[in-house]
Each structure stands twice: as structure tokens, then as C-alpha cells.
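Structure at a glance
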Amino acid sequence: MPNRLSAPARVRPTPAPRRARLLDGPVPILASALLWGTTGTAASLAPAAAPATGIGSAALVLGGLLLFLTDRTARRLPRRCTPRERRLLVLGAVAVTGYPLSFYPAAARTGVAVATVIALGSAPVFTGLLGWLARQGRPGARWAGATALAVAGCAMLVLGPELTGGGASMDLVGVLLAALSGLSYAVYSLIGGRLISAGHPSGGVMGAMFGAAALLVLPVSATGPTSWLLSVRGAGVVLHLAVITTFLAYRLFGHGLRRTPARTATTLTLAEPAVAAVLGVAALGERLPVLSWCGLAVLAGGLAFLALPGRRRPDPARSRS
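Residue numbers run consecutively from 1 along every chain, following the written order of its sequence. The predicted origin of the model limits local features to residues at a pLDDT of at least 70 and limits the giving and counting of side-chain atom pairs to 80 or more, whereas totals for whole chains, interfaces and linings rest on all residues. Based on all heavy atoms of the structure, the side-chain values leave hydrogens and waters out of the count.

With that out of the way, let us pick up the overall build of the chain. Here a helix means four or more residues in a row that DSSP labels H or I, a strand means two or more in a row labelled E, and each is numbered from the N terminus. Tallying secondary structure elements over the chain gives 15 helices and 0 strands in all. Residue exposure (1.4 Å probe, protein chains only): buried if accessible area is under 20% of the type maximum, exposed if over 50%, otherwise partly exposed. A burial count over the chain gives 45% of its 321 residues as buried. Note on contacts: a residue pair qualifies if any of its non-hydrogen atoms lie within 4.5 Å across the two residues. Taking as baseline every contact in the chain between residues at least 6 positions apart, the subset at least 24 positions apart corresponds to 88%. In these tables, accessible area is a Shrake-Rupley quantity obtained with a 1.4 Å probe, and a residue counts as shielded only by the protein chains included in the view. Total accessible area computed for the chain in this model is approximately 17,200 Å², and 65% of it derives from carbon and sulfur atoms.

Put into C-alpha cells, the structure is as follows:
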């Protein structure tokens, strides 16, 4: 027990718990991609009468309202934002709406595989370019190399069955729509990351953007056929997509954006088609060619290279002491 003659003990700063550092890094982003990877398997269980845009818009309406109503900061956020930040919120909501309204028609025209590769593969590129134009920093060589590797692996994985089976179908309008969905994803990821880094709570930012998007897309859900929603399968699919792949996944995604740059986050979400492919093999009995398994390995390598911490440069001040 120290007394008055004892030398004062040196108080060392308490390091942050390792679990907290992991939860503030890429882990929540990868967890959200894991949940998004269940989208295709869940949507395949919907009734045959359910239109693709109807499934996506219904899930966005319910999931967006859940994100908005379960977070009190989402309702207060517009009043606490500056006029410029409120304009960003509106633009983010429009971008959130644009993703399902462009991706599902793209998938119908080009096929799910081609649309997925174009949308998810273009999103990190759009994010890096838009972030650079918005003066949020130029993408580094580490990000560029990991993204190129991950996009190549994603293309090999998803397009493997079609390439080995005689080639993938291409439709110019479908390709443009898929690229538009990738741009939409990049825009709302950048806006979300910017508002969160400005000090706004991640749950509030995601809740405000997705709540407004739910209202914007509501007419699409109301004007299409809705009888399929009354069936057990239809309601179950929408509940899964709304609660798991929208509400929970975007809560995790927003939490990850607190410490992860948007361009890194959009690259890490390329894990989604890998999860979907493995789930298709395990749950639906699908078979993947060798090219797809090689693509899965390349994709995993690119994501691991990006997610693992890089070497820290030596501190010159510490070396002189």
C-alpha cells in the first residue's frame, strides 16, 4: 500500500479493449455483408406472383420504417443538422431509393449474376472516385490493389457458372441499370460516412435516410400487385428481408462506418456474393465450377488484405527519445 514516502505510481493509459476495437473496425461491415448474402436465397422462396421490384420495395418500406422508428436520434436528426447536412440527407434518401428500383430491373434484364457483379463491382470504384472529387482523400495503393483483387474474384465467382456454360447474356440497358444501382450504393454510403464522421449517431443517420426512402418508395409498393404479401411465404420473405437484410444489416453497416472509410466499406461488402454462393451450395444444392471456387479464393484474399491492419510506420519522435 503506497504511503507518503513512496514514489508516485506512473499511471498508464488504459488501452481500449480488443473487442471494442474489432467492433469499430471492419467486422460490422463484414457482418452486414454476411446478412445481405442471404437476400437471394430468401427472395427465391417468394411466391411466383411476387414481382422483383415489389419484393425489394416492400422490404425497403418495412425495413426503412423500422430503422427510423426504433432510433430516437433519427427523428431529431434533421433539426440538429445544418442546411447543407439536411440536403445531404435528402440526397442520401434518394440514393437509397434508387438502389432497389435500378438493381431488380437490371437483374431481370441481364440475370442476377451479371447485375450483381456490375453493381457490387462498380460501387467501390464509384465510392473512391466520388470521395476523391469531394476532397475526402485520394484512394491509396493498398485500397486500389485490394479492390481490384476483390472485384476480379467476385466476377470469377459469380460469372463462373455462366462463363463455363456458354457465356453470360448481356443487355445494354440492364448493364446501365446495374451500374446505376452501384452508383446509388456508393452515394448513400459516402453520405452516411460523412454525416457519421461529423459527429451524428450512426443509428440516427441510417434511420433518417432509410425512413425517408421508405416513404419515397411506398407508391411503388402500393401500385403493384400486393396479393402475394398476404401469403405465409410472401410475408415471411418480406419480414426476413426487412428485419435481417435491411434493419439489422444497415445498423451494423452504419456502426462500421464510424471507423471505416466508405470506400473501404463498399469493397468489404463484396463478401456478399461469396456468402450467397456458399449458401446456395449448402442450402439449395447448387454446384459451382472450379472457376467460381478459384474466384472465391481470390475474393477472400483481396478482402483479407484490406481488412487486416497494415504495418504502422515508425514514429520519428519516439525513435529520437
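This part takes up a positive patch on the surface. Every patch collects residues that have over 30% relative accessible area and no salt bridge, joining them within 9 Å if they carry like charges and within 5 Å if they are nonpolar side chains (Val, Leu, Ile, Met, Phe, Trp, Tyr). Put simply, a salt bridge is a Lys or Arg side-chain nitrogen that is within 4 Å of an Asp or Glu carboxyl oxygen. Under this rule, positive means Lys or Arg and negative means Asp or Glu; His and the chain ends count for nothing. The location of each charge is read from NZ of Lys, CZ of Arg, CG of Asp or CD of Glu. The grouping of Arg84, Arg86, Arg87 and Arg194 at the surface amounts to a positive patch. Among the elements that line the positive patch, the one with the most residues is helix H6 (residues 83-110), at 3 residues. Mapping Arg84 onto the fold places it in helix H6.

Here the focus is the packing of aromatic side chains. Stacked, edge-to-face and tilted are the three classes for Phe, Tyr and Trp ring pairs, Trp counted by its six-membered ring, which pair at centre distances within 6.5 Å; planes under 30 degrees apart are stacked, over 60 edge-to-face, the rest tilted. Scanning all chains against the criterion turns up 11 aromatic pairs. With a centroid separation of 6.4 Å and 90 degrees between ring planes, the pair formed by Trp36 and Tyr185 is classed as edge-to-face. With a gap of 149 residues between them, Trp36 in helix H2 (residues 27-36) and Tyr185 in helix H9 (residues 172-197) connect regions that are remote in the sequence. The pair formed by Trp36 and Tyr185 is uniform in burial state, with each residue classed as buried. An aromatic cluster is built from Trp36, Tyr99, Phe103, Tyr185, Tyr188, Phe210, Tyr250 and Phe253, whose rings are joined through pairwise contacts.

What follows is about the packing of H2 against helix H11 (residues 232-256). The N-to-C vectors of H2 and H11 enclose an angle of 165 degrees; their axes lie 7 Å apart at closest approach. Considering the angle they form, H2 stands roughly antiparallel to H11. When the axes of H2 and H11 are compared, the crossing they make is left-handed. Each of Pro28, Ile29, Ala31, Ser32, Leu35 and Trp36 in H2 lies in contact with H11, whose residues at this interface are Ile244, Thr245, Leu248, Ala249, Tyr250, Leu252, Phe253, His255 and Gly256. As a working rule, the residues Ala, Val, Leu, Ile, Met, Phe, Trp, Tyr, Cys and Pro are called nonpolar, Asp, Glu, Lys and Arg charged, and the rest polar, with Gly in that last group. Of the residues belonging to the contact of H2 with H11, the class tally is 11 nonpolar, 4 polar and no charged. For helices, the fitted axis covers only the stretch in contact; all axes are lines through C-alpha atoms, and the angles between them, taken along N-to-C directions, range from 0 to 180 degrees. Comment on the angle field: the value is read as roughly parallel under 35 degrees, roughly antiparallel over 145, roughly perpendicular from 65 to 115, and oblique elsewhere. Put simply, a crossing is left-handed when the front helix is turned counterclockwise from the back one by less than a right angle, and right-handed when it is turned clockwise.

A few words now on the environment of Ala59. As for its placement among the helices and strands, Ala59 is situated in helix H4 (residues 52-69). Linking Ala59 and Ile244, residues 185 residues apart in sequence, is a C-alpha distance of 10.0 Å. In this structure, Ala59 is in contact with Gly64, Val238, Leu241, Ala242 and Thr246, ignoring residues within four places of it in sequence.

Here we take up the packing of helix H10 (residues 202-223) against H11. Running from amino to carboxyl end, H10 crosses H11 at an angle of 135 degrees, the nearest separation of the two axes being 8 Å. Classified by the angle between their axes, H10 and H11 sit oblique to one another. The two elements H10 and H11 meet at a crossing, and its hand is right-handed. Along the contact surface, H10 presents Ser202, Gly203, Met206 and Phe210, while H11 presents Thr246, Tyr250, Arg251, Phe253, Gly254 and His255. For the contact of H10 with H11, a count of residues per class yields 4 nonpolar, 5 polar and 1 charged.

What is meant by a nonpolar core is a set of buried Ala, Val, Leu, Ile, Met, Phe, Trp, Tyr and Cys residues, joined one to another through side-chain atoms within 4.5 Å. Core analysis: the largest hydrophobic core is formed by 64 residues, its most contacted members being Leu157, Tyr188, Met209, Phe210, Tyr250 and Phe253. Ranked by residues supplied to this core, first place goes to H6 with 9 residues. Once residues lying within four places of it in the same chain are set aside, the contact partners of Leu157 are Pro273, Ala274, Ala277, Leu288, Ser292, Gly295, Leu296 and Leu299. The next biggest cluster of nonpolar side chains, apart from the first, holds 10 residues, and it includes Ala46, Val237, Val238 and Leu241.

So, on to H2. Since the α-helix turns once every 3.6 residues, residues separated by three or four places project in the same direction. Every buried residue of H2 is listed here: Pro28, Ile29, Ser32, Ala33, Leu35 and Trp36. End-on view of H2: buried residues confined to an arc of 160 degrees, all on one side of the axis. To be clear, the arc concerns the directions from the helix axis to the C-beta atoms.

All right, on to the pattern of salt bridges then. Pairing between side chains becomes possible if they bear opposite charge and their charged atoms approach one another. Within this structure, the stated rule accounts for 1 salt bridge. With a closest N to O distance of 3.7 Å, Asp71 and Arg251 form a salt bridge. Here Arg251 lies in helix H11 and Asp71 lies in the loop between H4 and helix H5 (72-80), a separation of 180 residues in the sequence. By relative accessible area, Asp71 is classed as buried at 14%. Its relative accessible area of 25% is what places Arg251 among the partly exposed residues.

Turning our eyes to something else, we now look at a nonpolar patch on the surface. Together, Leu62, Leu239 and Val243 make up an exposed nonpolar region whose accessible area comes to about 220 Å². With respect to the element layout, Leu62 can be found in helix H4.

Moving on: the confidence of the model for the chain. A score from 0 to 100, pLDDT tells how confident the predictor is in each residue. Chain-level pLDDT for the chain is 79 on average; 81% of the residues reach the 70-or-more range. Element-level mean pLDDT values for the chain span from 42 in helix H15 (residues 316-320) up to 93 in H11. In this model residues 1-20 is a low-confidence stretch, pLDDT under 50, and it forms 1 contact with partners more than four residues away in sequence or in other chains. Taken as a whole, residues 312-321 scores under 50 in pLDDT and shows 0 contacts with residues more than four places along the chain or in a different chain.

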